[in-house]
Amino acid sequence: SQQGEEDPQALSIQEGENATMNCSYKTSINNLQWYRQNSGRGLVHLILIRSNEREKHSGRLRVTLDTSKKSSSLLITASRAADTASYFCATDAGGYQKVTFGIGTKLQVIP
Amino acid sequence: NAGVTQTPKFQVLKTGQSMTLQCAQDMNHNSMYWYRQDPGMGLRLIYYSASEGTTDKGEVPNGYNVSRLNKREFSLRLESAAPSQTSVYFCASRDGNQPQHFGDGTRLSIL
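Residues numbered from 1 in each chain as written. Chains lettered and ligands numbered in written order. Predicted model: local features only at pLDDT ≥ 70, side-chain atom pairs only at ≥ 80, totals over all residues. Heavy atoms only, no water.

What follows concerns the overall build of chain B. Counting secondary structure elements, chain B contains zero helices and 11 strands. When the helices and strands of chain B are listed from N to C terminus, the series reads β-β-β-β-β-β-β-β-β-β-β. Against the 2.2 N^0.38 benchmark of 13 Å for 111 residues, chain B shows a C-alpha radius of gyration of 13 Å, consistent with a compact globule. Projecting the C-alpha coordinates of chain B onto the three principal axes gives extents of approximately 35 × 25 × 25 Å. Buried positions account for 48% of the 111 residues belonging to chain B. Taking the contacts inside chain B whose residues are at least 6 apart along the sequence as the reference set, 53% of them involve residues at least 24 apart. Within the structure as shown, chain B displays about 5000 Å² of accessible surface, and the carbon and sulfur contribution to it stands at 48%. (Helix = DSSP H or I, 4+ residues; strand = E, 2+ residues; numbered from the N terminus. Rg over C-alpha atoms; globule rule 2.2 N^0.38 Å. Buried < 20%, exposed > 50% of the residue type's maximum accessible area, 1.4 Å probe, protein only. Contact = heavy atoms within 4.5 Å. Areas by Shrake-Rupley, 256 points an atom, 1.4 Å probe, with all protein chains shown as cover.)

Right, dumping it as structure tokens:
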């Protein structure tokens, strides 16, 4: 079963706007990761946030984590057409080194 | 660095045929994973190998077998392919609790 659930499942915005994607999960985690997948390619890691962190930045990406609500959000600022991709959250509960992925948010950035 | 390499990239099989999907990583990672990706389902873990010489079932192992041939290579075998196994298969690797590195996938169709 999926641990993470992304919301929305699809998002279409104009270039230059901000894009926000949310992820909810069910059980305790060690860390939460966000990945991007371009069409026809594998997933590429974007950012990892540990359970004791609340916010993390990487370039135009901002990730927040609220462990009390079991939720995370990914904000992409000043979006570009090249940001068009599917975005997945993944939760790592540790232990057996298994990572569980959500179903993803498909982002379209219109030039 | 090549990272994670999957072969073949595309394959069409008839029901009942067998085949092996190959995966190799050149990053000296201990852990390797096989996922399948289906529309609306996200990535589901088939099998994983936490270290050389060990393999464990994931969420959807039925109909599959794996071999961790050495530290670099982790193969996935379909003994008797079924149409329900039509999917995109991704191999990934990682070191400890670091983010995963993915190959570009094998697109498998079973008629």
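Taken as a whole and judged by the stated rule, the model has eight salt bridges over all chains. Between A:Asp92 and B:Arg94 there is a salt bridge, and its shortest N-O distance comes to 2.9 Å. Here the residue A:Asp92 occupies a position in strand S9 (residues 85–92), and B:Arg94 occupies one in strand S9 (residues 87–94), the pair thus bridging two chains. Accessibility expressed as a relative area gives 0% for A:Asp92, which makes it buried. Members of the salt-bridge network, linked through shared partners, are B:Arg36, B:Asp38 and B:Arg44. (Salt bridge = Lys/Arg side-chain N within 4 Å of Asp/Glu carboxyl O.)

Take the interface of chain B and chain A next. Tallying the contact residues gives 23 residues for chain B and 21 residues for chain A. Taken together, both faces of the contact between chain B and chain A bury some 1800 Å²; the carbon and sulfur share is 47%. Counting across the interface, chain B meets chain A through seven residue pairs in polar contact (both at pLDDT 80 or more). Every element with two or more residues in the side of chain B that touches chain A is listed here: strand S4 (31–38), strand S5 (42–49) and S9 of chain B. (Buried area = accessible area lost by both parts, 1.4 Å probe. Polar contact = N/O pair within 3.5 Å; in protein donor to acceptor, adjacent residues only side chain to side chain.)

Let us now look at the sheet that holds strand S8 (residues 71–76) of chain A. Sheets are built from strands paired through backbone hydrogen bonds, the pairs being either parallel or antiparallel. Residue and element names in this part refer to chain A. A sheet is described by the order of its strands in space; here five strands give the open sequence S1-S3-S8-S7-S6, paired in antiparallel fashion. Unpaired on one side and paired on the other, strand S1 (5–7) and strand S6 (55–58) mark the two borders of the sheet. Recorded for the sheet is a direction-independent mean angle of 20° between the axes of neighbouring strands. (Pairing = 2+ DSSP bridges. Axes fitted to C-alpha atoms, helices over the stretch in contact; angles between N-to-C directions.)

Here we come to the packing of aromatic side chains. All names here are of chain B. This structure, assessed with the given rule, holds nine aromatic pairs over all chains. For the pair tyrosine 35 and phenylalanine 102, a centre-to-centre distance of 5.8 Å together with 35° between the ring planes defines the contact as tilted. Separated by 67 residues along the polypeptide, tyrosine 35 in strand S4 and phenylalanine 102 in strand S10 (residues 101–102) bring together distant segments of the chain. Take tyrosine 35 and phenylalanine 102: they sit in the same class, and that class is buried. Relative to phenylalanine 102, the ring of phenylalanine 90 has its centre 6.5 Å away and its plane inclined at 80°; by these criteria the two rings are edge-to-face. With phenylalanine 90 in strand S9 and phenylalanine 102 in strand S10, the pair connects residues that are 12 residues apart, well separated along the chain. Of the residues examined, phenylalanine 90 reaches a relative accessible area of 0% and is grouped as buried. (Phe/Tyr/Trp six-rings, centres within 6.5 Å; stacked < 30°, edge-to-face > 60°.)

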